[in-house]
Amino acid sequence: MKNKGNHILLLPLLLLLTACGSQKKIIEPPLDGPSMTLTFTAASHMQTLMANRLSVDNITAKVKVNVALGERSISTTGTLRMRRNDVIQISLVDPLVGIAEIGRMEFTPTNVLIIDRFNKQYIDVPYADVPFLKRANVDFNTLQSLFWNEIFQPGKQSPQASDFQVDRQHDTVLLDYHDRLLDYHFKTTTPDGQLSQTAITSPTDRSARFAFDYKDFEDFDRRPFPRDMVMSFQMAGRAASLSFSLSNVRSNSDWQAHTPAPSKYRKADAEHIFRSLVK
């Protein structure tokens, strides 16, 4: 860490996630061989994926965070707290001291709150008031699905197997969903039904790609849950990634879910923070 400006790099990257729309289409999976495909159907595989959803309503974990943007790379530690259908909260601490909070990101069903404690500024706005989020039609349900390692279908509470294209390749099952703006790709496994990657691409710009990879699955709530999560995407023409390494994963509910905006901090413009990030 050479200056305080580097810390702000950690704060807004999660705001680049994208989601949108709905459409119905299905392609039955090709047969790989009689013994491998007799009992496999898109509907049964979707049921397995849904059965792997965690039954707990809270997740807390210590987290190591690494951010890479072009040639810049920053690492720090913090805490991840999530409450289903309520909030995703990421608190980051000073990498030198290891105690003082340098920033916080908080996503609720209606608002985005980012607190930059070094520069004493914050944003607290609806998703629709963040221009680059509005253009992508991002919503809380998509963010929640990504962080909870769940397959999703934009605009619907639960994904419908008949809306997805399905391609089985031995023990890998690719589920694709398309709308008029974006393509959604889910890489899963059979028969265990683990989601190992979610990718979002644009059919009109193949260079634009967002991916969320999951690794190092361990049992939590009697279900597999990843300890390593890596987001990768293009930002301002440069490759960027945000990596989370989780430890001490618990279902603790004894924590404050919503942070009030600091009254003595300056309310900043979200687009201005984004522009300063990519300079």
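All of the points below concern the structure found in this document. (Residues numbered from 1 in each chain as written. Predicted model: local features only at pLDDT ≥ 70, side-chain atom pairs only at ≥ 80, totals over all residues. Heavy atoms only, no water.)

Of regular secondary structure, the protein chain possesses five helices and 14 strands. Here the protein chain, with 279 residues, has 52% of them falling under the buried criterion. A separation threshold of at least 6 residues defines the contact pool for the protein chain, and within that pool the share at least 24 residues apart is 55%. A total of about 13300 Å² of accessible surface is found on the protein chain, and carbon and sulfur atoms cover 49% of it. (Helix = DSSP H or I, 4+ residues; strand = E, 2+ residues; numbered from the N terminus. Buried < 20%, exposed > 50% of the residue type's maximum accessible area, 1.4 Å probe, protein only. Contact = heavy atoms within 4.5 Å. Areas by Shrake-Rupley, 256 points an atom, 1.4 Å probe, with all protein chains shown as cover.)

With that out of the way, let us pick up the pairing of strand S7 (residues 165–169). In regular strands, side chains alternate between the two faces of the sheet. Of the strand pairs in this sheet, S7 and strand S8 (residues 172–178) are connected by five bridges, and their pairing is antiparallel. Residue pairing for S8: Gln165 is matched across the bridge by Asp176. Remark: two residues form the turn of the hairpin made by S7 and S8, two consecutive strands paired antiparallel; His170 in that turn has positive phi of roughly 60°. (Pairing = 2+ DSSP bridges.)

Most of helix H4 (residues 140–147) is tucked away, with seven of its eight residues classed as buried. Phe140, Thr142, Leu143, Gln144, Ser145, Leu146 and Phe147 are the residues of H4 that are buried. Two residues or fewer past H4, Asn149 is found with a positive phi of approximately 60°.

Going through the model one piece at a time under the given rule, you end up with seven salt bridges. When the shortest N-O distance is used, the salt bridge between Glu101 and Arg104 registers 2.8 Å. For Arg227, the salt bridge identified is with Glu218, shortest N-O distance 3.8 Å. Arg227 gets classed as buried once you look at its relative accessible area, which sits at 10%. When salt bridges that share partners are traced, they join Arg53, Arg84 and Glu150 into one network. (Salt bridge = Lys/Arg side-chain N within 4 Å of Asp/Glu carboxyl O.)

Right, let's get into the packing of aromatic side chains. For the structure shown, the criterion picks out ten aromatic pairs. With centroids separated by 6.1 Å and ring planes inclined at 55°, the aromatic side chains of Phe220 and Phe225 adopt a geometry described as tilted. Put simply, the rings of Phe147, Phe210, Phe212, Tyr214 and Phe244 touch in pairs and so form one group of aromatic residues. A cation sits over an aromatic face here: Arg83 above Trp255, 4.4 Å from the ring centre. Note that Arg168 overlies the ring of Phe40, its terminal NZ or CZ placed 4.9 Å from the centroid. (Phe/Tyr/Trp six-rings, centres within 6.5 Å; stacked < 30°, edge-to-face > 60°. Lys NZ or Arg CZ within 6 Å of the ring centre and 35° of its normal.)

Right, let's get into unusual backbone geometry. Cis peptide bonds are those with omega within 30 degrees of zero, and the linkage from Thr190 to Pro191 qualifies with 10°. The residue Pro191 is located in the loop between strand S9 (183–189) and strand S10 (195–202) in this model. The phi dihedral of Asn85 is positive, around 60°, even though this residue is not glycine. Taking relative accessible area as the criterion, Asn85 reaches 53% and is therefore assigned exposed. Despite not being glycine, Asn149 shows a phi value in the positive range, around 60°. Judged by relative accessible area, which is 11%, Asn149 ranks as buried.

Everything listed here is a matter of geometry and, on its own, says nothing about what the molecule does.
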